[in-house]
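Residue strings, one per chain:
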Amino acid sequence: MVGVAATPGSSSGGLGVVAVGAALEAVVGGPSMLEEVSIRRGEGLGPESDPDEPPPKKRMRLPEGESGKLEERLYSVLCCTVCLDLPKASVYQCTNGHLMCAGCFIHLLADSRLKEEQATCPNCRCEISKSLCCRNLAVEKAVSELPTDCPFCLKQFPRSSLERHQREECQDRVTQCKYKRIGCPWKGPFHELPAHEEECCHPTKTGTELMGILGEMDQSHRRELTLYNSIFSLLCYEKIGFTEVQFRPYRTDDFITRLYYETPRFTVLNQTWVLKARVNDSERNPNLSCKRTLSFQLILKSKVNSAIECSFLLLKGPYDDVRIKPVIHHHAFSNDTNETDYVPLPITDSVECNKLLAAKNINLRLFIFQIQK
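Residues numbered from 1 in each chain as written. Predicted model: local features only at pLDDT ≥ 70, side-chain atom pairs only at ≥ 80, totals over all residues. Heavy atoms only, no water.

Chemist: In this structure, what is going on with the overall build of the protein chain? I would like to understand it.
Modeler: Secondary structure assignment for the protein chain yields nine helices and 16 strands. When the 373 residues of the protein chain are sorted by exposure, 34% land in the buried category. A fraction of 50% describes how many contacts in the protein chain between residues 6 or more apart in sequence connect residues 24 or more apart. On the protein chain, roughly 24,400 Å² of surface is accessible, and the fraction owed to carbon and sulfur atoms is 53%. (Helix = DSSP H or I, 4+ residues; strand = E, 2+ residues; numbered from the N terminus. Buried < 20%, exposed > 50% of the residue type's maximum accessible area, 1.4 Å probe, protein only. Contact = heavy atoms within 4.5 Å. Areas by Shrake-Rupley, 256 points an atom, 1.4 Å probe, with all protein chains shown as cover.)

In structure tokens:
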């Protein structure tokens, strides 16, 4: 035991902080605990210190560069096992915990459907499907808090707030002139927008110059207006029928089988119909193509005494999230011409096509309008 004498001037016979610190340093060979306490409290127990103020939490300062290394390690742990990139939305995991972003997961399921194989995890080869895999919410939240660079100003922000920053706050985000509606093609950083708009020459153009620009804009609006007017006109027909259709996958009998879809027979407007669909217009190996499309045809199975002229369109079903643009098709059905040509299913891109291929069945809604002669 080390004895320590009380220092002169200590109140109530207590031990001086310096003496106690020196004694403890002599025992343990390092700075005393009281010195650490005094440092954490501020500059000691002087008159400026508030004895009732709780000590601040002790923060460990990482050596320079450690935080960057930690982020890199997290990137490698949380990245998708297929594309090796951090997921931007939903994160799925196989039964062994390997992570896949939503796009790659859907793509794997679509590829397996095209190749008539069981989809497997790229890492452990265990079976994957929408029923076997589940979302990993913890990883999704962790990824949303990781820092990433803004592509415009190159500053770092959490991934969860990057979209709002790019849309509303970033001074270097690409924006367009407010006179783009009258033909101004300028695009540039947001902080240069006020200066450009003050000098923009388009507000001073004559009416004759603006008429050409407005004519091009009117053409695109006219096409949309024509589509909506056509739909409203069809809704005024006397005979209108619609039904939910379910495309089921099948394989051809060829040596190299091909995937196609067909619905069970259904009745609309007192007639029996069938829908068929194919991928990439029956391309030999659609699984090797990044661009994927679906096309369909409507087939009349009933026998008719006279031709039936119809308009029809396919829309998404009530419980699907696939994006389909409405397109109206026309055909005169008879006993000799009971099949339409294959027409494209108006989905927006290959991502939406993969969503349909990855599903067990494709559920859509068919409208048929019989034209009265």
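Now, onward.
Chemist: Would you explain the UniProt feature "domain: TRAF-type" (unreviewed entry) in the protein chain in this entry?
Modeler: Under the local residue numbering, the UniProt record ascribes the feature "domain: TRAF-type" (unreviewed entry) to residues 146-184. In residues 146-184, the share of helix is 28% and the share of strand is 23%. The end C-alpha atoms are 38 Å apart. (UniProt positions renumbered as here; feature names shortened; annotations may be inferred.)

Chemist: Where do I start with the pairing of strand E11 (residues 271-279) in this structure?
Modeler: Within a regular strand, side chains alternate between the sheet's two faces. With three bridges joining them, strand E9 (residues 259-262) and E11 adopt antiparallel strand pairing. Within E11, the residue paired with Glu262 across the bridge is Lys276. As defined by bridge partners, strand E10 (residues 266-268) adjoins E11 across three bridges and the pair is classed as antiparallel. Paired with Val268 across the two strands is Gln271, which belongs to E11. (Pairing = 2+ DSSP bridges.)

Chemist: Looking at this structure, how should I read helix H9 (residues 350-358)?
Modeler: Note on helix geometry: an α-helix contains 3.6 residues per turn, so any two residues three or four positions apart are oriented the same way. In terms of burial, H9 is a largely internal element, seven of the nine residues being buried. The complete set of buried residues in H9 reads Ser350, Glu352, Cys353, Asn354, Leu356, Leu357 and Ala358. Buried residues in H9 make contact with helix H4 (102-115), E9, E11, strand E12 (294-300) and strand E16 (362-370). Near the N-terminus of H9, the side chain that reaches the backbone nitrogen of Val351, with its oxygen 3.2 Å away, is that of Asp349. (Polar contact = N/O pair within 3.5 Å; in protein donor to acceptor, adjacent residues only side chain to side chain.)

Chemist: What is the right way to read the side chain of Asn280 from this model?
Modeler: Counting through the fold element by element, Asn280 comes out in the loop between E11 and E12. Polar side-chain contacts of Asn280 include one of 3.1 Å to the backbone oxygen of Lys291. Within the structure, the side chain of Asn280 is placed 2.7 Å from the backbone nitrogen of Thr293, a separation counted as a polar contact. In this view, Asn280 contacts Pro286, Ser289, Lys291, Arg292 and Thr293; residues no more than four positions away in its chain are not counted.

Chemist: Before we go on, may I ask you to explain the sheet that holds strand E1 (residues 91-93) in this structure?
Modeler: Sheet strands line up and pair through hydrogen bonds in the backbone, either parallel or antiparallel. Taken in spatial order, the three strands of this open sheet run E2-E1-E3, and their pairing is antiparallel. The open sheet has two edge strands with one neighbour each: strand E2 (99-101) and strand E3 (134-135). Examined bridge by bridge, E1 and E2 share three bridges and lie antiparallel to one another. In the strand pairing of E2, Tyr92 is matched with Met100. H4 rests against E1 and E2 of the sheet, and its axis sits at about 95° to E2. (Axes fitted to C-alpha atoms, helices over the stretch in contact; angles between N-to-C directions.)

Chemist: Looking at this structure, I do not really get the state of the cysteines. What am I missing?
Modeler: Among covalent bonds in proteins, the disulfide is the one between the sulfur atoms of two cysteines. Summed over the entire model, instances satisfying the criterion amount to zero disulfides. Take Cys83: it sits in no disulfide, and the sulfur closest to it among the cysteines is that of Cys80, at 3.8 Å. (Disulfide = S-S within 2.5 Å.)

Chemist: What should I look at first to understand the side chain of Thr243 in this one?
Modeler: As for its placement among the helices and strands, Thr243 is situated in strand E8 (residues 239-251). A relative accessible area of 18% means that Thr243 is categorised as buried. With sequence-adjacent residues up to four places away left out, Thr243 is seen in contact with Phe266, Val268, Leu364, Arg365 and Leu366.

Chemist: Honestly, the pattern of salt bridges in this entry has me stumped. Any pointers?
Modeler: Any two side chains of opposite charge can pair if their charged atoms end up close together. Across all of its chains, the model carries 11 salt bridges by this definition. Arg251 is paired through a salt bridge with Glu116; the nearest N and O atoms lie 3.5 Å apart. Highlighted residues: Arg251 in strand E8 and Glu116 in the loop between H4 and E3, separated in sequence by 135 residues. Taking the relative accessible area as the measure of exposure, Glu116 reaches 51% and is therefore exposed. A salt bridge links Arg164 to Glu169; its shortest N-O distance comes to 2.3 Å. Since its relative accessible area comes to 37%, Glu169 is described here as partly exposed. Sharing partners across several salt bridges, the network here consists of Glu163, Arg167 and Glu168. (Salt bridge = Lys/Arg side-chain N within 4 Å of Asp/Glu carboxyl O.)

Chemist: Help me understand the pairing of E12, please; the structure alone is not making it clear to me.
Modeler: Of all seven residues in E12, seven are buried; the element is thus mostly enclosed. Of the two faces of E12, the one holding Leu294, Phe296, Leu298 and Leu300 and the one holding Ser295, Gln297 and Ile299 are both buried throughout. Relative to E12, E11 is paired through seven bridges, and the arrangement is antiparallel. For Val274, the partnering residue across the bridge sits in E12 and is Ile299.

Chemist: It is not clear to me how H4 should be interpreted in this structure. Could you clarify?
Modeler: Across its 14 residues, H4 extends 20 Å between first and last C-alpha, which sits within 8% of the 20 Å expected from 1.5 Å per residue. Buried within H4 are the following residues: Cys104, Phe105, Ile106, Leu109, Ala110, Asp111, Ser112 and Leu114. Buried residues along H4 sit against E1, E2, E8, E9, E11 and H9. (Expected span 1.5 Å × (residues − 1).)

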